Structures are given as C-alpha cells and as structure tokens.
Amino acid sequence: MATDIKDTAHAVEAAAVMRLLPARPRMLALGEPTHGEDALLDLRNELFRQLVEQEGYRTIAIESDCLMGLVVDDHVTSGTGTLDEVMEHGFSHGWGAFSGNRELVRWMRDYNEGRPASEQVRFAGFDGPLEIAAAASPRQALTALHRYLAAEVDADLLPCTAETLDRLFGTDDRWSDPAAMMDPTRSVGQSVEARRLRVLADDLVALLDTQTPHLITATPRADWDRACLYGRTATGLLRYHHWMADTSPARMTRLASVRDQMMAHNLLAVAERGPVFVHAHNTHLQRAKSTVRMGGTPLEWWGAGALVSARLGAEYAFVATALGTIRHQGVDTPPPDTVEGLLYTLPEDRYLLDARRLATALGDVWPAARVSPWFGYAALDPAHLADIDGLVFVRDVPRS
C-alpha cells in the first residue's frame, strides 16, 4: 500500500501540478486546512513564483477583504505607500501580521519594478469586507460607486444624491455592531433605510451596466473594473446585512452562502483578466458542499469553489492541502487508518499527490475520516478525493 501511494507522490512544484491537469486552468486554487501558519504561506509563495515565471500566471487572489486588497494591488503595481502601511491597511482577518504575507507583497513589488503594466503581477482580495464577529458598513463601496457614476453620467440618471446615501446609512457603527452576529434584533439589515439602500444599490449597479459602452471609453478600464467591484460589494453587503437580521433557522446557512457567493463573484471577475492563482481555506475552494458545526448545529452550503467550478468547468482546478501534525496546536501524529496517517509514513516533508490515483491506490480499504482535536484544523474528508485535482501533504507544520 505504502509503495503504491509513494508512486503517486511528486515534489510540490508548478510543473508537477500542471502535469496532473489536462490543460492550464484559468483558475488554479490551492486550499489550506488551517490559517496562520507561515510554513503553508511559504509553500504558497514558492508555488506562485513558479507559476508566474514558468506558467504565465499574473494574479494571486487570497481570502482577504476585496476593498482592502486594492491597497496591496496599488503598492505592488505602482509603489503606492510603504510596505508597513500596506501590511497594516491592505489585509483583513489579521493576515497582514504574518511574515509569509509580507514576503509575498515584497516579492511582488520587486518583480514589478521596471516592468510594463502588461507584464506585472497583480494582487486581489476576494473575500467580502466581513469578519467572523461583524460585517462592514456598505457605505464605502456604495458611495465609491456613486462617486464614479456621478463624475461620468448625466445627473438626471442617478437614482439619488450622495447626501441621500449618507443620510440613509447613518453612523457606520450601527452596521458593524458585533452583537448583531449573534442577536438578529441588533442588526439594521431589514430596517426601512436598509431596504431603501438595497433598491438604490440595485439601481446604481444597473446604471453602471447600461452605461458601460460610454464608461469603458471615458475612463481607464481599471476604474471601471473597480466600480464593478464596488457594485458587487455594496449589493453583497446589503444582502448579508439583510440576512443578519433574519430570525429563521436558516439564518447562518444563508450568511455562509452569501459570503461565498460574494467570493465567487469576485473570483470570476478577477479571472476575466487572465489566469489567476487562488489561496484560501479548503472549505471555500472545494467542489463538494461545505460543512461546519456552529454551536452544535451543522451547516451545509455551496462554497466559492463549487460555484466557480460550476461556471468554469475544466478551467477551474483545485489542489487541497492536508497536514500530518501541528503539534503546537495539539494536532499530533495522525491515526494510521486515516489518509493523513497513511501519508505520514512516507519520508518526505511535503509532496504533491494525484488525488484520484491516490483513491485508486487505497483500493477497497477506505480510510477513516480523521477527527481533528483542534477546531482550527479541518481534516481531509476522504470522500472528497474524487473531486480534488491534486493533494499537497505537509508532514509537520512547525510553530510560525
């Protein structure tokens, strides 16, 4: 058995990933089963450099705030801001504190220095402006969209003034109140003002769409792309806040679904400009339904990877990551009857496997699902092997 599995193992290199696939995908996604480990970020960075230099990839998209990501993209393409400022203001979820992300931004800026725009690498955050404890106010996104349109189209076509938006939004802390995540009655998402804002956001996005022939000639394409991002984000946030105020049993499932829908729409937009390398949690990128337990209640929804795969078909490829140990988090040697336990018997520190060949090598002795002793690590579900294009296994993850 171990010999059969070893026959499917390769070095974790871009060329080896491409050999697993029928053709270069428009979107290549690398998932991770836990967040915040620099060993995994270093692996991601190394793979991205190879994809840029050998396979023509020019964009990396990570699980971070899509609006904050514009700060990073401006820096790596034009040098705007210092590296310290970018790490502080360009990442959500605290990702800016990790050395692997800092090294990624530094390398991208160095790579772009002196290169024409057409050859530069780009950065994108593809998550919504959402944290686990709260969701941002839609003000930034919707007012930015209104400002772009007001400068370029007849004022009579605008559905409202900027002052009207400002009045309807009120103070931003009403929207970002952390108590609303657990208590729907604290949310403003179904207030009279929020309902009015949803209509206005829809009208502004429709105006952006109907004026596209004019806008893409009157303004730089990058400005139009950002206006589309503002529209997606504003409507997504207003939808998310609407369901935060919901009191039905489906509330958390709807919130998870809306978040991943926002992710998917952002990824599809980024993919329009060329091949993109994506990095996020396995749960967001897998083709199978995503599941999680919250407060003892199981949730099930289609993640961003499943949504994108349904649109792109073979142009979407997903490589999952599984781990042996994270001893500093209490994740010790995996049981021998799990996929991770079987892979842990191999001597290499990390390797890439053909997931489907691995499933074949396992034969009739189907491994058990590993039970993670730490909530922050999501073990590999053996049933997902058939829906994975490649599997990266990292034997031991050292403390960052």
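Up top is the structure.
Conventions used here
Residues numbered from 1 in each chain as written. Predicted model: local features only at pLDDT ≥ 70, side-chain atom pairs only at ≥ 80, totals over all residues. Heavy atoms only, no water. Buried < 20%, exposed > 50% of the residue type's maximum accessible area, 1.4 Å probe, protein only. Helix = DSSP H or I, 4+ residues; strand = E, 2+ residues; numbered from the N terminus. Arc of directions from axis to C-beta. Contact = heavy atoms within 4.5 Å. Salt bridge = Lys/Arg side-chain N within 4 Å of Asp/Glu carboxyl O. Axes fitted to C-alpha atoms, helices over the stretch in contact; angles between N-to-C directions. Parallel < 35°, antiparallel > 145°, perpendicular 65-115°, else oblique. Left-handed = near helix turned anticlockwise from the far one by under 90°. Nonpolar A, V, L, I, M, F, W, Y, C, P; charged D, E, K, R; others polar. Pairing = 2+ DSSP bridges.

Engineer: I'm lost on helix α8 (residues 162–169) in this one. Help?
Structural biologist: The periodicity of an α-helix, 3.6 residues per turn, causes residues three or four positions apart to be oriented the same way. The set of residues buried in α8 consists of Leu165, Leu168 and Phe169. Down the axis of α8, the buried side of the element spans an arc of 95 degrees, and every buried residue falls inside it. Exposed positions of α8 whose direction lies more than 90 degrees from the buried face are Glu163 and Arg167. Tucked into the core, α8 has its buried residues touching α7 (139–150) and α9 (192–210). Two residues or fewer after α8 comes Gly170, characterised by a positive phi angle close to 70 degrees.

Engineer: Please clarify how the pattern of salt bridges should be interpreted in this entry.
Structural biologist: When the charged atoms of two side chains with opposite charge come close together, those side chains can pair. Taken as a whole and assessed by the stated rule, the structure comprises 19 salt bridges. For Glu103, the salt bridge is made with Arg106, and the minimal N-O distance between the two is 3.3 Å. Of the two residues, Glu103 and Arg106 both sit in helix α6 (residues 99–112), 3 residues apart, roughly one turn of that helix. We classify Glu103 as partly exposed; its relative accessible area is 33%. The partly exposed category is assigned to Arg106, whose relative accessible area is 36%. Each member of the salt-bridge network shares a partner with another, and the members are Glu63, Asp127 and Arg259.

Engineer: I'm lost on the packing of helix α3 (residues 38–55) against α6 in this one. Help?
Structural biologist: Between two packed helices, both the angle of their axes relative to each other and the distance between the axes serve to describe the pair. The contact between α3 and α6 brings their axes to 8 Å, and the two run at 20 degrees. Regarding the angle of α3 to α6, the classification is roughly parallel. Seen along the crossing, α3 lies across α6 with a hand that is right-handed. The residues of α6 that touch α3, namely those facing Asp38, Leu41, Asp42, Arg44, Asn45, Phe48, Arg49, Val52 and Glu53, are Ser99, Gly100, Asn101, Glu103, Leu104, Trp107, Met108 and Tyr111. Its residues assigned to classes, the contact of α3 with α6 shows 7 nonpolar, 4 polar and 6 charged.

Engineer: How do you make sense of the pairing of strand β6 (residues 290–294) when you look at a structure like this?
Structural biologist: Moving residue by residue along a regular strand, the side chains alternate between the two faces of the sheet. By the bridge criterion, 5 bridges tie β6 to strand β7 (residues 297–301) in an arrangement that is antiparallel. The partner of Arg293 across the bridge, within β7, is Pro298. From the end of β6 to the start of β7, which pair antiparallel, there are 2 residues, and Gly295 there has a positive phi angle of about 60 degrees.

By themselves, these figures tell us nothing about what the structure is for.
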